[in-house]
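Descriptive structure summary
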Amino acid sequence: MAYRIVFVEDDPELAGLISEFLGRHEMSVVVEPRGDTAQERILRENPDLVLLDIMLPGKDGLTICRELRPVFPGPIVMLTSLDSDMNQILGLELGANDYILKTTPPSVLVARLRAQLRNHKPQQDTARPNPASQRKLSFGQLSVDPINRDVVLDGEQITLSTSDFDLLWLLASHAGEIMKRETLLKHLRGVSYDGLDRSIDVAVSRLRKKLGDNPNEPFRIKTVRNKGYLFSLSGWD
C-alpha cells in the first residue's frame, strides 16, 4: 500500500517531476500549489507525510509549518532551494522533521522520506502522556493543570501549544528524574530515536523560553550531558 503525501509546491513542473518519481517508489502524491489553502488541504487529505516548500503564494512554508505542527502528528519535511543555516534552524525549530534542499538527488530524497515514514507510527493512546487522568502538579510558583491544560507561572498564565504542554507534563510528572531523548520522543511522537533527530532538543529549547529558563545555564529544565533532560524540583521558587 502506497504512502500518501501532500506536496505543497507552486512550481507545476517540479511538482510533477517529483510526484512522478515518488510515485515509482510507493508514494502517492497530492500537490497543493498555494500556501494559504495548504493547511485546510492537508487536514482534509490526512496524509502520512507533508512535503513543504518555503516560498509559496499566499503564505510561506515556515508559517504553515508553525501553524500545522500542533494539529498534524505526522512528519513535516521542508523541501526548498533556500540553503541558509538560519532557514534550516528556523524550520526545525518550528516543528519540521527534516530540511532537504531541492538540489538533493532524487534517490536520496526518497531515502530520507522513507526514513521519516518508517520512524513515524500512529500515536496510540497508551503511548501518549494522558494528563487528563492525573492531578494538578505544583512546583513553587509553577502549577500545571492537566484537566484544563492550564499552566501558571509567577501568577501569570502561560500559553502553550498542545505539543509543548504534553512535553511539559511528561517532564513535570517525572520531576527529579533524568528523561532520555529516546523516552521523550517515543512518548510524544511514537517514533524511535535515531541519534540524529533534534526535534526534542528544539522542543525543550522552545519550552524553556516560554517558562523563563536561562538558555545558557538552564536551571528549570536542565540538560544532563549524554543522558537527557531533568525537570528541576527547586527551580520554580
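Note that the coordinates shown come from a computational prediction; the quantities given were computed from them, not determined experimentally.

Some details on the overall build of the protein
Scanning the protein from terminus to terminus reveals eight helices and twelve strands. Put simply, of all contacts in the protein between residues at least 6 apart along the chain, 56% involve residues at least 24 apart. Per element, the accessible surface of the protein, about 12,500 Å² overall, is 49% carbon and sulfur.

Regarding the nonpolar core
With 27 residues, the main nonpolar core has Val151, Leu171, Leu184 and Phe231 as its most contacted residues. Tallying contributions element by element places helix α6 (residues 162-172) first for this core, with seven residues. Ranked by size, the runner-up nonpolar core spans 19 residues in total, among them Val6, Ala38, Leu68 and Phe72.

A word on the sheet that holds strand β1 (residues 3-8)
Overall, parallel pairing links the five strands, which are arranged β2-β1-β3-β4-β5 in an open sheet. The open sheet terminates on both sides in strands that have one partner only, identified here as β2 (27-32) and β5 (98-101). Strand-to-strand twist across the sheet, computed as the mean angle between neighbouring axes with direction ignored, equals 25°. Judged from the four bridges that link them, β1 and strand β3 (residues 49-52) form a sheet pairing that is parallel. Its bridge partner lying in β3, Val6 is registered against Val50. Contacting β1, β2, β3 and β4 (76-80), helix α1 (residues 12-23) crosses the sheet at an angle of about 160° to β2. Where helix α5 (residues 106-119) meets the sheet, its contacts fall on β1, β2, β3, β4 and β5, and the angle it forms with β5 comes to roughly 170°.

What about unusual backbone geometry?
Despite not being glycine, Asn46 has its phi angle at roughly 50°, a positive value. Its place among the elements puts Asn46 in the loop between α2 (38-45) and β3. Backbone geometry at Arg149 places phi at a positive 55°, although glycine is not the residue there. With respect to the helices and strands, Arg149 occurs in the loop between β7 (142-145) and β8 (150-153).

Quick notes on the sheet that holds strand β12 (residues 228-231)
Picture the strands of a sheet paired through backbone hydrogen bonds; they go either parallel or antiparallel. Taking strand neighbours across the sheet as the criterion, the three strands line up as β10-β12-β11 in an open arrangement whose pairing is antiparallel. At either margin of the open sheet sits one strand with a lone partner, and together these are β10 (178-179) and β11 (221-224). Strands β10, β11 and β12 of the sheet are contacted by α6, whose axis makes an angle of about 75° with β12. The strands touched by helix α8 (residues 199-210) are β11 and β12; relative to β11, the strand with the most contacts, the crossing angle is about 150°.

A closer look at the packing of aromatic side chains
Across all of its chains, the model carries two aromatic pairs by this definition. Plain terms: the ring middles of Phe231 and Trp236 are 5.1 Å apart, the flat faces sit at 20° to each other, and that makes the pair stacked. Each member of the aromatic cluster is reached from another via a ring pair, and the members are Phe139, Phe231 and Trp236.

With respect to the environment of Ile18
Relative to the assigned elements, Ile18 resides in helix α1. By relative accessible area, which is 13% here, Ile18 ends up buried. Along the chain, Ile18 and Pro106 lie 88 residues apart, while their C-alpha atoms are 7.8 Å from each other. For Ile18, the contacting residues outside a window of four places in its chain are Phe7, Leu51, Leu79 and Leu109.

Considerations on the pairing of β4
In terms of residue burial, β4 counts as a mostly covered element, since five of its five residues are buried. Of the two faces of β4, the one carrying Ile76, Met78 and Thr80 and the one carrying Val77 and Leu79 are both buried. The sheet contact formed by β3 and β4 spans three bridges and is parallel. For Leu52, the partnering residue across the bridge sits in β4 and is Met78. The β-α-β motif built from β3, the intervening helix α3 (residues 61-68) and the parallel element β4 has right-handed crossover chirality. Looking at chain direction, β4 and β5 are connected through four bridges and run parallel. Bridge assignment links Val77 to a residue of β5, and that residue is Asp98. Read from β4 through helix α4 (residues 85-93) to β5, the crossover connection turns out right-handed.

Reading the values: the criteria
Residues numbered from 1 in each chain as written. Predicted model: local features only at pLDDT ≥ 70, side-chain atom pairs only at ≥ 80, totals over all residues. Heavy atoms only, no water. Helix = DSSP H or I, 4+ residues; strand = E, 2+ residues; numbered from the N terminus. Contact = heavy atoms within 4.5 Å. Areas by Shrake-Rupley, 256 points an atom, 1.4 Å probe, with all protein chains shown as cover. Core = buried A, V, L, I, M, F, W, Y, C linked by side-chain atoms within 4.5 Å. Buried < 20%, exposed > 50% of the residue type's maximum accessible area, 1.4 Å probe, protein only. Pairing = 2+ DSSP bridges. Axes fitted to C-alpha atoms, helices over the stretch in contact; angles between N-to-C directions. Phe/Tyr/Trp six-rings, centres within 6.5 Å; stacked < 30°, edge-to-face > 60°. Right-handed = clockwise from strand over helix to strand, strands pointing away.

Geometric values such as these leave the question of function open.
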